[in-house]
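Fold and geometry: a report
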Amino acid sequence: MADEYMTTTAIGEFIPTIVAREAQLAYGNRTKNGLLGVAPSINGFLAEGGNVFELPVIPDVDLENYTEGTDLEYAQFSSSKQSITISTKKAVVMAFPATALSVANQEIMNGYGEQCGHAAAKELDTALAGLYSSAGISAITAGTGADIDEADILDAKSNLDIANAPAQGRWLAVRSDQYNALLALDRFTAAEKLGVEYISRGVLGRIHGFDVIMDNNLVATTDGFRHNMYGVNGGSPLTSSLVHGTATFPAIQGGALAVGQNPRLVFSYDLKQGANTMRAEIMYGVAVFRSEWLGTIKTAD
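Residues numbered from 1 in each chain as written. Predicted model: local features only at pLDDT ≥ 70, side-chain atom pairs only at ≥ 80, totals over all residues. Heavy atoms only, no water.

1. With respect to the overall build of the chain
Helix and strand counts for the chain come out as seven helices and 13 strands. Among the 301 residues that make up the chain, the fraction classed as buried is 40%. Taking the intrachain contacts of the chain between residues at least 6 apart in sequence as the baseline, contacts between residues at least 24 apart amount to 76%. Taken as a whole, the chain presents about 16,400 Å² of accessible surface, with 51% of it coming from carbon and sulfur. (Helix = DSSP H or I, 4+ residues; strand = E, 2+ residues; numbered from the N terminus. Buried < 20%, exposed > 50% of the residue type's maximum accessible area, 1.4 Å probe, protein only. Contact = heavy atoms within 4.5 Å. Areas by Shrake-Rupley, 256 points an atom, 1.4 Å probe, with all protein chains shown as cover.)

Here's what the structure looks like:
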């Protein structure tokens, strides 16, 4: 007797997995959403099913003189508790009537999944860009109608140096027009000739210790300025300016097929509408973790 789970299956039942893979690839593309590439994820620090991450951050540690034969005393360092709450929910439902689904091939379904992935990445990256207002370093102003220049970058470097920020992992996020302005700097184009490019992370070049990334989600304000951002990615929340996290969704009930987490794609049949549906959803949170290592360079919008 054949196993009932080994029977022939229609190609339509395999399509969700294929769409999900396209969504994951699109979501992981950092070339258009650069801040996602420099803000570490805290997912590995969250308890399963949890949505709040809290960790005390010690800004400075002072070592005392030690004399051999003398016991060291326990010390309680001053710290501030940083937290990130994963609470923002975004979702979209696409309906596919039977007539449309019958003509939808694998390539078309892949395209729908890819669009959902790009939308989720842009949503999360835009939320990270909105954290500019929590920067602990006073804004550098390029000037009304002015572009970013080498002096602005050196000021940003000096600010991080004074804040005792790590020399490694420094990044500068600029809008596309400001990246073009940087291309006019001989030092920047010379750095590019060295081959320092990390397309998977969205890094475009390097100047004065900063990996330069392009991000068009940077916030423009009513005073006519665009807030380019700079900070540090030390590889963990404790040594990084920004962090983000996404939810681990609970298991789908009722037999619906769910694939992926970031974003999650859920496929089901809507009896009321009489259509197959694809639901793309993401639940996330963002936070400034080391505000003393985050600054902005204001340029013309």
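2. Remarks on the side chain of N110
Position of N110 relative to the elements: it lies in helix α4 (residues 106–129). Filtering out sequence-adjacent residues up to four positions away, N110 remains in contact with I18, V19 and E22.

3. A word on the nonpolar core
Judged by nonpolar contacts, the single largest core of 22 residues is most densely connected at L35, L128, W171, M229 and L242. Listed by contribution, the elements that provide at least two residues to this core are α2 (35–38), α4, β5 (170–174) and β12 (275–288). Broken down by element, this core gets its largest block of residues, five residues, from α4. Among all residues touching L35, those that are not within four sequence positions of it are D125, L128, A129, W171, A173, I213, D215, L218, M229 and L242. In this structure, I148, Y179, I207 and I297 belong to the second largest nonpolar core, which totals 20 residues. (Core = buried A, V, L, I, M, F, W, Y, C linked by side-chain atoms within 4.5 Å.)

4. Description of the packing of aromatic side chains
Taken as a whole and judged by the stated rule, the model has two aromatic pairs. Ring geometry for F210 versus Y230: centroids 6.2 Å apart, planes at 85°, classification edge-to-face. On the criterion of sequence distance, the pair formed by F210 in strand β7 (residues 210–214) and Y230 in strand β8 (residues 225–232) is long-range, its members being 20 residues apart. Of the two residues, F210 and Y230, neither departs from the other in class, the shared state being buried. (Phe/Tyr/Trp six-rings, centres within 6.5 Å; stacked < 30°, edge-to-face > 60°.)

5. Some thoughts on unusual backbone geometry
Its identity is not glycine, yet N164 carries a phi of approximately 60°, on the positive side. The topology assignment puts N164 in the loop between α5 (150–162) and β5. At H208, a residue that is not glycine, the phi angle is positive and equals roughly 50°. Mapped onto the fold, H208 is located in the loop between β6 (203–207) and β7.

6. Structural notes on the pairing of strand β13 (residues 295–300)
Note on strand geometry: in a regular strand, side chains alternate between the two faces of the sheet. The buried fraction of β13 is high, at six of six residues. As defined by bridge partners, strand β4 (residues 140–141) adjoins β13 across two bridges and the pair is classed as parallel. Bridge pairing in β13 links I140 to I297. The sheet contact formed by β8 and β13 spans six bridges and is antiparallel. The partner of M229 across the bridge, within β13, is T296. (Pairing = 2+ DSSP bridges.)

7. Description of α5
Helix length check: α5 (13 residues) gives 18 Å between terminal C-alpha atoms against 18 Å at 1.5 Å per residue, within 8%. Those residues of α5 not exposed but buried are D152, I153, A156 and L160. Projection of α5 onto a plane perpendicular to its axis shows the buried side chains occupying an angular sector of 100°, all on one side. N-cap assignment for α5: the residue whose side-chain oxygen lies 3.2 Å from the backbone N of A151 is D149. Count one or two residues on from α5 and you reach N164, which has phi positive near 60°. (Expected span 1.5 Å × (residues − 1). Arc of directions from axis to C-beta. Polar contact = N/O pair within 3.5 Å; in protein donor to acceptor, adjacent residues only side chain to side chain.)

8. Structural notes on the confidence of the model for the chain
Model confidence for the chain is summarised by a mean pLDDT of 82, while 82% of its residues fall at 70 or above. Under a pLDDT of 50 for its full length, residues 195–200 has, in the predicted model, nine contacts with residues more than four places off or in other chains. (pLDDT = per-residue confidence, 0-100.)

9. Quick word on a nonpolar patch on the surface
Side chains of I58, V61, L63 and F77 sit close together on the surface and give an oily, nonpolar patch of about 400 Å² of accessible area. Residue position: V61 is located in the loop between β1 (52–57) and β2 (80–85). (Patch = residues over 30% accessible without salt bridge, like charges linked within 9 Å, V, L, I, M, F, W, Y side chains within 5 Å. Salt bridge = Lys/Arg side-chain N within 4 Å of Asp/Glu carboxyl O.)

10. Some remarks on the pattern of salt bridges
Proximity of charged atoms lets side chains of opposite charge pair with each other. In total, this model carries 10 salt bridges according to the counting rule given. For E123, the salt bridge identified is with K90, shortest N-O distance 3.8 Å. On the criterion of sequence distance, the pair formed by E123 in helix α4 and K90 in strand β3 (residues 88–97) is long-range, its members being 33 residues apart. Given the relative accessible area of 39%, K90 is considered partly exposed. Note that R206 is salt-bridged to D211, the shortest N-O span being 2.8 Å. Under the relative-accessibility criterion, D211 is labelled buried at 8%. Several salt bridges share partner residues, and in doing so they unite K157, D161 and R170 into one network.

11. What to know about the environment of V38
With respect to the secondary-structure elements, V38 resides in helix α2. Note on V38: relative accessible area 5%, which makes it buried. As for V38 and G235, which are separated by 197 residues in sequence, their C-alpha atoms are 8.5 Å apart. Sequence-distant contacts of V38, defined by excluding residues within four places in its chain, comprise W171, I213 and N233.

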